[in-house]
Every structure is written in C-alpha cells, then in structure tokens.
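Listed below are the residues making up each chain.
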Amino acid sequence: MSDKNYGFDTLQVHAGARPDPTTGARNTPIYQTTAYVFRDADHAAALFNLQEVGYIYSRLTNPTVSVLQERIATLEGGVGAVCCSSGHAAQIMSLFPLMSPGKNIIASTRLYGGTVTQFSQTIKRFGWSATFVDFDDTEAVKAAIDDDTRAVFCESIANPGGYITDLDAISAITKAAGIPLIVDNTSATPYLCRPFEHGADLVVHSTTKYLTGNGTVMGGCVVDSGTFDWSASDKFPSLSQPETAYHGLKFHETFGPLAFTFHSIAIGLRDLGMTMNPQAAHYTLMGIETLSLRMQRHVENAVTVAKWLEADPRIDYVTYAGLESSPYFGRVEKICPRGAGGLFTFAVKGGYDACVKLIDSLEIFSHVANLGDTRSLVIHTASTTHRQLNEDQQRAAGAAPELVRVSIGIEDAADLIADLDQALAKATA
Ligand SMILES: *Cc1c(COP(=O)(O)O)cnc(C)c1O
C-alpha cells in the first residue's frame, strides 16, 4: 500500500500486507518455516552483521509476523513494533533494552494482576525493581523517580476497574525526567486510545485480548514511537553505546528512530527467544481486520449494561468510566474519545458470597480468566487474577473482594441484561 493518509478502518485491513509476490495470494500466507535460504555467503554475512535487513531464522523474524508488526505499528502511529509470545513477554521485552541490575521502574498501582506480580516479584531476579504509585497523584509519581529510574509504566484504561490514566500529565513528568513512558494499551486498543498522541514513548499490548478479539491465540507486542532520544543521557547504554555482540555497533547511531525495534529483534528476540509463532500472527491479523467494528459494539454494550446495573437496587456501585457517576468520566473525552472500553467491575450487595453465586448462575457470560473476547466474560478478580496480591494491593488495583469484573462482548445487549437479571435474582435471593 502507498503511504497515503488512510483512515483507521482502511489501515486495520491493509497496513503491512500486500498480495504474495510469487503466488498472488490475497490474504497474508502463514509462512510456516523456521529458516530462509541465503542467496550466497556474502548475503548471509551481511544479514548476520545487520548490514542488510532480511530473514534468517524465525526466532528473530518471520514474514507473517512482520505483517502483523507493521499493522500494529501503523495503527498506533509508531515507527516499528516487535511481536512476542504473550503480553507478559512484551512487558519484559519493553524493559529489557532499558534496564540493568540496580535500576528501577515506577509503575501504577492500577494494573492487570499478573503485571503487579511480574513487577513486584519476578523482575527482582534480574536485579530490577518496581515502585508502585497512585498515578492520579502526579506529585507522588514525580517524587518516586530517582537517578536509577529507567521507565514509567501504566495502562491507558486500567484493568479491571476501567480507570483512565491522564497520560498527558504523566508524560509531562517523564519528559522532564528524561525517561520513557511505557503504556499498556491492551484494554483500550489503538481504536479507542493512541498513547503516542499523549506523549507515551513505547506501547505494549497483550494481543491475546481485543486485537485478536476471539480468544484463540496468545501474543504480545511492543510498539516504538521512534521519538525518544536514547543518546540524550548516559542512562540507556544498550541503545547509545557500542554493542560488543555486534562488533561495537551503536544501535541509536546506526538505526536512528528504529534503534529500539532493531535492538528488540537483534538482541531481545535473539537471546530471550520470546517469539510469536506465525500461526498466532495469522489469527491476530484476521482479528485486527474487524477491530473498530468490534470495539464500537463492545463500548455500546458496556454503556448499556453498566447503566442498567447502576440503576439496579441489588448493585452497590459500578466502576465504568463511561458512566457520568465515574470520577474518570471527564477523562474519556481527552484520552479515549471513542469510548471507555468494554471492561468494568461492579459490587453486588451481599459481598463475596453473592459474587460467587452470581458467577455460578450466569448462562451467557463465561467464567474465564480472559478479557477482550467477542463473548461476554466474567470473573471474581480477588480470588483469581489478583489472588497473589494482598487485600490492600487488591483494593488499590480496583479488585476488592466484593467486586465482579465483566468483559462485555458483542452479543445482544438485551440478552446480556436478561442473563445478569436472572443470575442476580439467584445471587441475592
Ligand atoms: C492479559 C493482559 C496482560 C498479559 O498478557 P498475556 O497475553 O496474558 O501474557 C497484560 N496487560 C493487560 C492489561 C492484560 O489484560
């Protein structure tokens, strides 16, 4: 495709793809191959020296995965992207070029439960650490940054409560501090929120969720805005200083705005091996073609169901930024003008026991540890996705024990409401 200024709906179908040059196949083939034949010995040497871009081995690059990378980078407005085996892999891949033992990140308290665990426990084994801060308190975010901070991390629309982060306020702080802002845009997708337009430097995705959209394959992605100056300080030597594993090549000097993307492939995927397989890329490419259509329906249904729940006497409260009662309602227009997503929590009168009974009584909603599926999903976060957290962390993350999280699907809203109605009757009887 030429580089005309196409709209989102056109790009989600076409960006990165072209008819197969040999066969004319219109859909992107699944290049199910581990290796690629070199033209000759010079060609092989040039590829291994990063002097020529091409395919060597599918741990690093694969043509099906490359199309997906270009598609997601285009939809986010970035210069490059690297796909990985899962969203959690993408988070490690986003930090890997920035971090070294003794360095820290500042992370929001309102994150996916698995991310809280990854950042508070697992990354310690690399000698990295995380400080968790309430990102609504911008002074606290500023105060938490020290000389060893190498990134600030938050979600645009935070799972599970649907809170919206004021990305403009946070990015003003990270720019002043000279460190990158990484935004997990999984719950919003680039259709609802484009973090780079609010000053983010890197975006990560669990493509497992809305981007694939149908609950079939795991995947993740790191997208680079291409705008961060890795050489402005001595904080990011992996990108600004000579790399011994490539004969002293300096990634930022050599690849400019693509430094982070090239480093992620040439070092990150090569040595960490968190590679996305071409089958997964194929399913995600199929899903992305309908992203905007699905997100419109997810949002429309979420608003309808959240309003119905809020008006129901069996419900204590509903946390959905798309409701006027939400303290985050005012941020929707600025951060995600096309809607606050399809994810929210609600508190059932009757607490924990009523929550459990409700979940067991639902018929259309599936009780699963996933979100962003065409199907409506429900889970009790405190006993599952946020189980490894203590109660203070659970409350801070928006996963209090009396809350149920729903991921509203694209079914008929009237059927979803009827299902909730009958299950609430049983749960509160
Ligand atoms: C699911 C999820 C992740 C983790 O992604 P996986 O693909 O499950 O590894 C990270 N962040 C958010 C917001 C998620 O919903």
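So, how was this worked out
- Residues numbered from 1 in each chain as written.
- Predicted model: local features only at pLDDT ≥ 70, side-chain atom pairs only at ≥ 80, totals over all residues.
- Heavy atoms only, no water.
- Pairing = 2+ DSSP bridges.
- Helix = DSSP H or I, 4+ residues; strand = E, 2+ residues; numbered from the N terminus.
- Contact = heavy atoms within 4.5 Å.
- Axes fitted to C-alpha atoms, helices over the stretch in contact; angles between N-to-C directions.
- Domains from an automatic or database assignment.
- Buried area = accessible area lost by both parts, 1.4 Å probe.
- Polar contact = N/O pair within 3.5 Å; in protein donor to acceptor, adjacent residues only side chain to side chain.
- Phe/Tyr/Trp six-rings, centres within 6.5 Å; stacked < 30°, edge-to-face > 60°.
- Buried < 20%, exposed > 50% of the residue type's maximum accessible area, 1.4 Å probe, protein only.
- Lys NZ or Arg CZ within 6 Å of the ring centre and 35° of its normal.
- Near = heavy atom within 4 Å.
- Areas by Shrake-Rupley, 256 points an atom, 1.4 Å probe, with all protein chains shown as cover.
- Salt bridge = Lys/Arg side-chain N within 4 Å of Asp/Glu carboxyl O.
- Expected span 1.5 Å × (residues − 1).

1. Quick notes on the sheet that holds strand β14 (residues 403-407)
Taking strand neighbours across the sheet as the criterion, the five strands line up as β10-β11-β14-β13-β12 in an open arrangement whose pairing is mixed. The outermost strands of the open sheet, each flanked by one partner alone, are β10 (315-319) and β12 (366-367). When strand β11 (residues 343-348) meets β14, the two strands line up antiparallel, connected through five bridges. Residue pairing for β14: Phe344 is matched across the bridge by Val406. The strands that helix α13 (residues 291-310) touches are β10 and β11; relative to β11, the one it contacts most, it runs at about 15°.

2. Concerning the domain arrangement of the protein
Entries for the protein in the domain assignment read domain 1 (8-98 + 180-287) and domain 2 (291-427). The gap between the C-alpha centroids of domain 1 and domain 2 is 32 Å. On the side of domain 2, 23 residues touch domain 1, which itself brings 20 residues to the contact. The largest share of the area that domain 1 buries against domain 2 comes from Tyr191, Leu192 and Tyr210, three residues that together contribute 44% of it. Counting across the interface, domain 1 meets domain 2 through eight residue pairs in polar contact (both at pLDDT 80 or more).

3. Here's the deal with the packing of aromatic side chains
Applying the stated criterion across every chain, the model contains 14 aromatic pairs. Between Phe126 and Trp128, the aromatic rings sit 4.9 Å apart at their centres with planes inclined by 65°, giving edge-to-face as the arrangement. Taken together, a centroid distance of 5.6 Å and an interplanar angle of 90° make the contact between Phe228 and Phe236 edge-to-face. A residue is classified by how much of its surface remains accessible, and Phe236, at 1% relative accessible area, is buried. Its end group placed over the ring of Tyr112, Lys209 keeps NZ or CZ at 4.8 Å from the ring centre.

4. What to know about the site of the ligand
As a structural note, the neighbourhood of the ligand is formed by 16 residues, with Gly87, Asp184, Ser206, Thr208 and Lys209 the closest of them. Take His88: an N or O atom from its main chain is 2.9 Å from an oxygen atom of the ligand. One nitrogen or oxygen atom from the side chain of Lys209 is found 2.8 Å from an oxygen atom belonging to the ligand. Protein chains shield 95% of the accessible area of the ligand, which is 380 Å² for the free molecule. With three residues, the single largest contributor to the shell around the ligand is helix α4 (residues 87-95).

5. Considering the pattern of salt bridges
Inspection of the entire model under this criterion finds 16 salt bridges. Between Lys334 and Asp166 there is a salt bridge; the shortest N-O distance is 3.1 Å. Remark: Asp166 occurs in the loop between β6 (163-164) and α7 (167-177) and Lys334 occurs in helix α14 (residues 329-335); sequence separation between them is 168 residues. A single salt-bridge network, built from bridges that share partners, covers Arg110, Asp134, Asp136 and Arg331.

6. Focus: α13
With 20 residues, α13 extends 28 Å between its outermost C-alpha atoms, agreeing within 8% with the 28 Å of an ideal straight helix rising 1.5 Å per residue. Taken together, the buried positions of α13 are occupied by Leu291, Ser292, Arg294, Met295, His298, Val299, Asn301, Ala302, Val305, Ala306 and Leu309. Against α1 (8-14), α8 (189-192), α12 (278-288), β10, β11 and α17 (413-427) lie the buried residues of α13.

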